[in-house]
Structure formats: structure tokens, C-alpha cells
Amino acid sequence: MKTALLQMSITDDKQKNVERAISFLEQAKQQCADIAILPEMFCCPYATKNFPLYAEKQDDMIWQSLSNVAKQYHMYIVGGSMPEKEESGAIYNTCYVFDREGKQIAKHRKMHLFDIDVSGGQYFKESDTLIAGNDITVFDTEFGKIGVCICYDIRFVELSRIMALEGANIIIVPAAFNMTTGPAHWELSFRARALDNQVYTIGVAPARNQYAEYVSYGNSIVVSPWGEVITRLSEKEEIAFCDIDLNVVDKIRQELPILAHRREDIYTLKRKE
């Protein structure tokens with residue numbers, strides 16, 4: 001499975017951001033990517049005050065643009081994330097996933113809101129304008145099951161483990177770690193979740209803009225089920241292509257059967273119905 005990591009720059013112009021995303025998706029198609037992944041909040045600058053201003057309902061312009069491109073290019077699209085507005089006025093940090101026919105096959109609303117205050121570092125409070133989602137998201141493809149979550153979600157080990165137990169061999173994470181958390185925890189988080197669950201982990205971030213209110217770390221990444229970094233970008237706007245061999249997942253799980261060795265007679269982990 002050929003993946004495309006689209007580490008694009010974000011401006012304050014929603015339409016230009018969508019057009020830039022489509023341009024990146026076109027390049028992914030030219031390289032015969034099976035699945036293309038956009039970054040978190042690819043349509044707007046990452047700031048709590050922006051989320052209500054840029055928010056759209058499902059089926060509006062951004063959703064329709066991604067659906068159309070997925071169908072036109074016959075390519076899976078993991079649509080990074082965008083502010084989604086409900087009729088009630090509630091706003092979510094939402095990732096839409098489209099299949100090769102442009103049909104929405106998954107929708108993940110960020111479950112864990114990024115409310116932090118690091119002494120001498122980053123302060124951010126997503127809950128000022130966003131509502132947390134409540135669903136764990138795993139979707140089917142001809143390659144197998146894939147899990148998707150958003151940024152801060154990756155820090156919660158239970159979530160990744162449940163996705164793996166539900167059959168996900170890949171966990172995709174549109175994300176925007178910052179210049180405090182990125183250097184400290186970005187690679188560590190993706191390697192840990194990949195190693196713990198013997199899955200591929202893929203993180204796609206916006207390119208870094210040092211003049212932005214929130215500065216993205218960039219460094220989009222792919223990690224193997226053995227915990228090895230097999231692709232990593234810089235901080236700049238760029239695209240990376242990575243071939244994923246899902247046979248590696250089976251091989252590693254046979255050789256080092258961590259999931260099979262869990263003591264379910266003592267502990268269990270599953271989603272609540």
C-alpha cells in the first residue's frame with residue numbers, strides 16, 4: 001500500500017488552503033498513492049479563535065471537495081482534520097475518510113481535547129471552542145483495517161490498543177504537535193504506539209510557520225511495527241511517499257506475540273457499548 005504524507009503549509013485563507021490540499025492530492029495521484037493523508041486543521045490556522053470562524057457542516061464545501069477528489073483520483077483520502085459545525089452550534093475537530101469512490105467511510109471527532117499549560121512552554125485550551133468526540137474509529141479497506149485518531153489522542157495508550165484489538169494494522173494520526181511537545185514527544189509517541197501494538201503508525205502535521213500563533217513541529221512520520229522510523233520529513237512543506245508492507249505486521253506478531261501473550265484472565269480492555 002503506497003501512502004502519501006501531505007505536509008502542507010496553512011494560511012489564513014480557507015479557500016486557498018483547500019486548493020493547496022487539492023494540489024497536493026493531485027501530486028499523490030501522479031505517484032499512484034493508494035491513500036493520501038492531510039494534516040490536522042489543514043483548512044485553517046491552528047488557534048481556538050479560528051475554529052468557529054472556519055467551521056463547516058458535513059457535506060459543505062470542504063467535505064465535498066475531498067469527496068470529489070477521492071472519486072476523481074480513485075484514491076483513499078484521510079482528510080486531516082477540520083472544524084466541523086453541527087446544527088446545534090457545537091464544533092468538533094473532525095477527520096473525514098473517503099474511499100476510492102468518494103464515499104465517506106469513517107468520521108473521527110477528536111476524543112481528547114488539547115488543554116495544556118506547560119511551565120515555560122505551550123499554553124493551549126481547545127475546550128474553549130471545541131467539543132470532544134466519543135467514538136473510536138476503525139475503517140475497512142481492501143488492505144485491511146485502519147484506525148484513525150487526531151493528535152492528542154495518540155497519547156492515550158488505551159485508544160491505540162483498542163484499535164489494534166479491533167483489527168487495525170495501521171493507525172493514522174493527523175496531528176499538530178508544537179515546538180514544546182514536538183521535540184520532546186513526537187517521535188517517541190509514534191514509536192511507542194507502534195511498538196506497543198505492533199502496527200504501523202503514521203503522523204501527518206502541517207509544515208512549520210515560525211510566525212504563526214501556534215507553531216507546528218512538522219516532522220510527519222511513519223513508524224514500523226518494530227518501532228523503527230522508516231520515513232520522516234523535515235519542518236518544511238513537502239510530500240513523502242512510503243510503501244507499507246502489511247505482511248510485516250503478521251511476521252512481527254508471530255515472532256514476538258505481544259498481543260497474544262496478554263493475560264486476559266487478569267485484565268481486559270475494550271470499548272464500552
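Everything that follows concerns the structure shown earlier in this document.
The numbers attached to residues start from 1 for each chain and follow its sequence in the written order. Side-chain atom pairs in this predicted model are given and counted only at pLDDT of 80 or more, local residue features only at pLDDT of at least 70, and totals for whole chains, interfaces and linings cover all residues. The basis for every side-chain value is the complete set of heavy atoms in the structure, and neither hydrogens nor water enter the calculation.

Overview of the sheet that holds strand β11 (residues 168–174)
- The mixed open sheet is built from 6 strands, whose spatial order is β9-β10-β11-β12-β13-β14. The strands lining the two open edges of the sheet, one partner per strand, are β9 (137–141) and β14 (229–232). Neighbour to neighbour, the strand axes of the sheet diverge by 20° on average, direction disregarded.
- The pairing of strand β12 (residues 200–204) with strand β13 (residues 221–223) spans 3 bridges and is antiparallel. Bridge pairing in β13 links T201 to V223.
- Two residues form a contact once any of their heavy atoms are found within 4.5 Å. In this description, a line fitted to the C-alpha atoms serves as the axis of each element, helices being fitted only across the stretch in contact, and the angle between N-to-C directions of two axes falls anywhere from 0 to 180 degrees. Numbering of helices and strands runs from the N terminus, with a helix taken as a DSSP run of H or I at least four residues long and a strand as a DSSP run of E at least two residues long. Contacts from helix α5 (residues 181–197) reach β11, β12, β13 and β14, with the element oriented near 155° to β12. For two strands to count as paired, DSSP must find a minimum of two bridges between them.

Looking at the packing of aromatic side chains
- Any two of the Phe, Tyr and Trp rings considered here, Trp counted by its six-membered ring, make a pair once their centres fall within 6.5 Å; the pair's planes then place it as stacked at under 30 degrees, edge-to-face at over 60, or tilted in between. Counting across every chain of the model gives 11 aromatic pairs.
- Summarising the aromatic geometry, the rings of Y46 and Y214 are spaced 4.5 Å apart at their centres and angled 55° between planes, so their arrangement reads as tilted. Residue Y46 is found in the loop between β2 (35–37) and α2 (50–54), and its partner Y214 is found in the loop between β12 and β13; the two are separated by 168 residues along the sequence.
- The classification of residues rests on relative accessible area computed with a 1.4 Å probe and restricted to protein chains. Under 20% of the type maximum is buried, over 50% is exposed, and intermediate values are partly exposed. Judged by relative accessible area, which is 7%, Y214 ranks as buried.
- Seen in terms of ring centroids, F177 and W186 are 4.9 Å apart; in terms of plane orientation they differ by 75°. Their pairing is edge-to-face.

Things to note about the nonpolar core
- One finds V78, I170, I172, W186, I202 and I244 to be the most contacted residues of the largest nonpolar core, which totals 47 residues.
- Top element by residues in this core is β11. It accounts for 5 residues.
- What I170 contacts, discounting residues up to four positions off in sequence, is M1, K145, I146, G147, V199, Y200, I202, I244 and L246.
- Only buried residues count toward a nonpolar core. Its members are Ala, Val, Leu, Ile, Met, Phe, Trp, Tyr and Cys residues joined through side-chain atoms within 4.5 Å. Of all hydrophobic cores here, the second largest spans 40 residues; its members include A4, Y46, I62 and M82.

Coordinates in, geometry out; function isn't part of it.
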